[in-house]
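Given next are the chains, with one letter for each unit.
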Amino acid sequence: MLNLTGKNIVLGITGGIAAYKAIILLRQLKAAGAEVQVVITDAAQAFVTPLTLQVLSNHPVHNNLFTPQAQSGIDHIELANWANILLIAPASADFIARIANGLANDLLATLCLATTAPIILAPAMNQNMWLHPATQSNIQILKIRQVQILEPEMGIQACGTVGPGRMLEPEAIMAALASNVTKNTTQDTNRLYSNLDSNLDNLNSNLDNLRPEQSLTNTKVLMTAGPTREPIDPIRYISNRSSGRMGYSLAQALEELGAQVSLISGPCALSVPLSVERLWVETALDMEQAVQTRISDCQIFIATAAVADYRVANPSVQKIKKSLQSSEDTLTLNLIKNPDILAQVASRPNPPFTVGFAAETQDVEAYAKAKLDSKKLSMIAANLVGAGQGFEVTENALLVLWPGGQRNLVKQPKLSLARNLARLIAERYHAQIKS
Ligand code: C5P
């Protein structure tokens, strides 16, 4: 179990229904031995009461920027110096926007400016608010400033819709505290947990042990992953069985080689390492647009997504009703072809090193070779799907082809397979640069 004895944590709570989970989180932090002081925004007080938090934290709950009770009269400086970690859960869209812009208009936002401790945010909001470009760009700004973002999960939201935006469960936040903060680069590393320091050392020594042709430091990788959803009407969609696991494992493996990874993901319920930038999309057209806006400064592009080949030509604005009057038993959907995102990237004037995936039910090698040539790819990873292979399983095998070569990666767990594939991608990428 995570041992936080001797650690001072400021738990910031902003306004949102997920604030109730902060109470459980507070208990878990205390149970792990941390000293916790709570800072609550005005809006959060509509969801949880300061008294509950005071009793559980055993400290007065802070809300005001200037308090006569504070020893120096300036609570925010005392708290900022006291904290080893500033954990804000839930972080609302409004709060994220405020700190992305450096505002100091309440105690919690001021603390974010005043502290040198690592800042960790667990966002929680409606999916449209989370996916809104304004929120996503605020998140990017914060990531650049080394704020750790615990990406929200997919799931049923308080408003009844399903999508990304649910705050991570307290257990997952505790787990992230234990492991994922290892890549934190804070101004105040002395105050990081000792186990985080040793994890970071391990990571760095792993990077040191890599042969130069396997390292991807200073390399930007753009990836697609997961399925796409093509709407039929506001309720139904066409999709496929992709779990996203291969792509997410590969993102992690590439990040372990030192790459700077951006993952454009269709809907799935997987988490990424904190340093992987993830952008949620739903349809193939959304995915295409997201790729186009990010591709120009990437050295490697990897398409693991199971993009729907077709979309409904005219999705209905209203739910399509079973026809009560008519006796017809069939419904015809008119489908049109989606753009081939991978082929588009590979045919750019100065294409990045471009890797495709091919999931086939037969003649894997022949189809993969044909795809490598027709899409002008640098590499293709092909696998047999169906009969317990490929989608929705935890193990996989791959046949990897590139112009003039190929390698078999035998059946193994997807993460181990992804690590082998990541090294092969790095080797071929470096070989291509040299030639
Ligand atoms: O032609 P096929 O769909 O089998 O090609 C699979 C590869 O192409 C995968 O890497 C997939 O991510 C990518 N792809 C794409 N856009 C599409 C269809 C497939 O990027 N519309």
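Reading guide: rules and limits
Residues numbered from 1 in each chain as written. Predicted model: local features only at pLDDT ≥ 70, side-chain atom pairs only at ≥ 80, totals over all residues. Heavy atoms only, no water. Near = heavy atom within 4 Å. Polar contact = N/O pair within 3.5 Å; in protein donor to acceptor, adjacent residues only side chain to side chain. Areas by Shrake-Rupley, 256 points an atom, 1.4 Å probe, with all protein chains shown as cover. Helix = DSSP H or I, 4+ residues; strand = E, 2+ residues; numbered from the N terminus. Nonpolar A, V, L, I, M, F, W, Y, C, P; charged D, E, K, R; others polar. Expected span 1.5 Å × (residues − 1). Buried < 20%, exposed > 50% of the residue type's maximum accessible area, 1.4 Å probe, protein only. Arc of directions from axis to C-beta. Contact = heavy atoms within 4.5 Å. Pairing = 2+ DSSP bridges. Axes fitted to C-alpha atoms, helices over the stretch in contact; angles between N-to-C directions. Salt bridge = Lys/Arg side-chain N within 4 Å of Asp/Glu carboxyl O. Parallel < 35°, antiparallel > 145°, perpendicular 65-115°, else oblique. Left-handed = near helix turned anticlockwise from the far one by under 90°. Phe/Tyr/Trp six-rings, centres within 6.5 Å; stacked < 30°, edge-to-face > 60°. 1 Å grid on protein atoms, 1.4 Å probe; cavity = no way out; pocket = protein on both sides within 12 Å on 5 of 7 lines; lining within 4 Å. Points joined across faces, edges and corners; volume = space filled by probe spheres on them. Domains from an automatic or database assignment.

K.L.:
So what exactly am I meant to see when it comes to the site of the ligand here?
P.N.:
In the vicinity of the ligand, the contacting residues are Ala303, Ala305, Val307, Asp309, Pro339, Asp340, Ile341, Leu342, Gly356, Phe357, Lys371 and Lys375. Taking Ile341, its main chain carries an N or O atom lying 3.0 Å from a nitrogen atom of the ligand. For the ligand, whose unbound accessible area comes to 450 Å², protein coverage reaches 84%. Only helix H12 (341-346) and strand E16 (353-360) provide two or more residues apiece to the shell around the ligand. Of the residues that constitute the shell around the ligand, the class distribution is 7 nonpolar, 1 polar and 4 charged.

K.L.:
Teacher, can you tell me more about helix H1 (residues 19-31) here?
P.N.:
Three- or four-residue spacings in an α-helix give side chains the same orientation, since the helix completes a turn every 3.6 residues. Given a rise of 1.5 Å per residue, 13 residues ought to cover 18 Å, and the 19 Å separating the end C-alpha atoms of H1 matches this to within 8%. Of all the residues in H1, the buried ones are Ala19, Lys21, Ala22, Leu25, Leu26 and Leu29. Down the axis of H1, the buried set is contained in an arc of 155°. They therefore lie on one face. Among the exposed residues of H1, those pointing more than 90 degrees away from its buried face are Arg27 and Ala31. Along its buried surface, H1 packs onto strand E1 (8-13), strand E2 (35-40), helix H2 (50-57), strand E3 (85-91), strand E7 (162-166) and helix H8 (170-178). Downstream of H1 by one or two residues, Gly33 has phi in the positive range, about 100°.

K.L.:
Got a minute to help me understand the sheet that holds E1 in this structure?
P.N.:
Sheets are built from strands that pair by backbone hydrogen bonding, the pairs being arranged parallel or antiparallel. Across the sheet, which stays open at both edges, the 5 strands sit in the order E2-E1-E3-E4-E5 with parallel pairing between neighbours. Edge positions in the sheet fall to E2 and strand E5 (148-149), since each of these pairs with one other strand and no more. One ladder, built from 2 bridges, connects strand E4 (residues 119-123) with E5; its direction is parallel. Counterpart to Leu121 in the pairing with E5 is Ile149. The sheet contacts of helix H5 (residues 107-114) involve E1, E2, E3 and E4, and relative to E3 the element is tilted by about 140°.

K.L.:
What am I meant to see in the pattern of salt bridges here?
P.N.:
A side chain of one charge can pair with a side chain of the opposite charge when the charged atoms of the two come close. Within the structure shown, the criterion is met by 14 salt bridges. A salt bridge links Glu151 to Lys143, with the nearest nitrogen and oxygen atoms 3.1 Å apart. The residues Glu151 and Lys143 share a single accessibility class, namely buried. When the shortest N-O distance is used, the salt bridge between Asp233 and Arg236 registers 2.5 Å. Overall, the relative accessible area of 3% leaves Asp233 in the buried class. Owing to a relative accessible area of 34%, Arg236 belongs among the partly exposed residues under this scheme.

K.L.:
It is not clear to me how the packing of H1 against H8 should be interpreted in this structure. Could you clarify?
P.N.:
Where H1 meets H8, the closest approach of the two axes is 9 Å, and the angle between their N-to-C directions is 45°. One element, H1, and the other, H8, form an angle in the oblique class. The two elements H1 and H8 meet at a crossing, and its hand is right-handed. On the side of H1, the interface is formed by Lys21, Ile24, Leu25, Gln28 and Leu29, while H8 contributes Pro170, Glu171, Ile173, Met174 and Leu177. Tallied by class, the residues present in the contact of H1 with H8 amount to 7 nonpolar, 1 polar and 2 charged.

K.L.:
Would you mind showing me how to read the packing of aromatic side chains here?
P.N.:
Think of a pair of aromatic rings as described by two things: how far the centres are apart, and how the planes are tilted against each other in angle. Evaluation of the coordinates by the stated rule reveals 1 aromatic pair. For the pair Phe353 and Tyr429, a centre-to-centre distance of 6.1 Å together with 75° between the ring planes defines the contact as edge-to-face. Taken together, the residues Phe353 in strand E16 and Tyr429 in helix H14 (residues 414-434) connect sequence positions 76 residues apart. Note on accessibility: Phe353 and Tyr429 belong to one class, buried.

K.L.:
Any chance you could explain empty space enclosed by the protein here in plain terms?
P.N.:
Rolled over the atoms, a probe with the dimensions of a water molecule shows which regions are left empty. Counted according to the given criterion, the structure contains 1 cavity of 30 Å³ or more. Its boundaries defined by the atoms lining it, the largest cavity holds a volume of some 70 Å³. Every residue along the wall of the largest cavity is listed here: Gln127, Leu131, Met154, Val162, Gly163, Pro164, Arg229, Pro267, Trp280, Val281 and Glu282. If you list the elements that add at least two residues to the lining of the largest cavity, you get helix H6 (127-131) and E7. Among the elements that make up the lining of the largest cavity, the one with the highest residue count is E7 (3 residues). Taken together, the residues of the lining of the largest cavity sort by class into 7 nonpolar, 2 polar and 2 charged. There are two domains that each give the lining of the largest cavity at least three residues, and those are domain 1 (8-189) and domain 2 (215-316 + 332-434).

K.L.:
Explain the packing of helix H3 (residues 75-82) against H5 to me, please; I cannot follow it from the model alone.
P.N.:
Axes are the key here: two packed helices are described by the angle between their axes and the distance separating the axes. Taken N-terminus to C-terminus, the directions of H3 and H5 make an angle of 50°; their axes are 9 Å apart at the nearest point. If you check the angle between H3 and H5, you find them oblique. Between H3 and H5 lies a crossing whose hand is right-handed. Here Asp75, His76, Ile77, Leu79 and Ala80 of H3 lie close against H5, whose contacting residues are Leu107, Thr110, Leu111 and Ala114.

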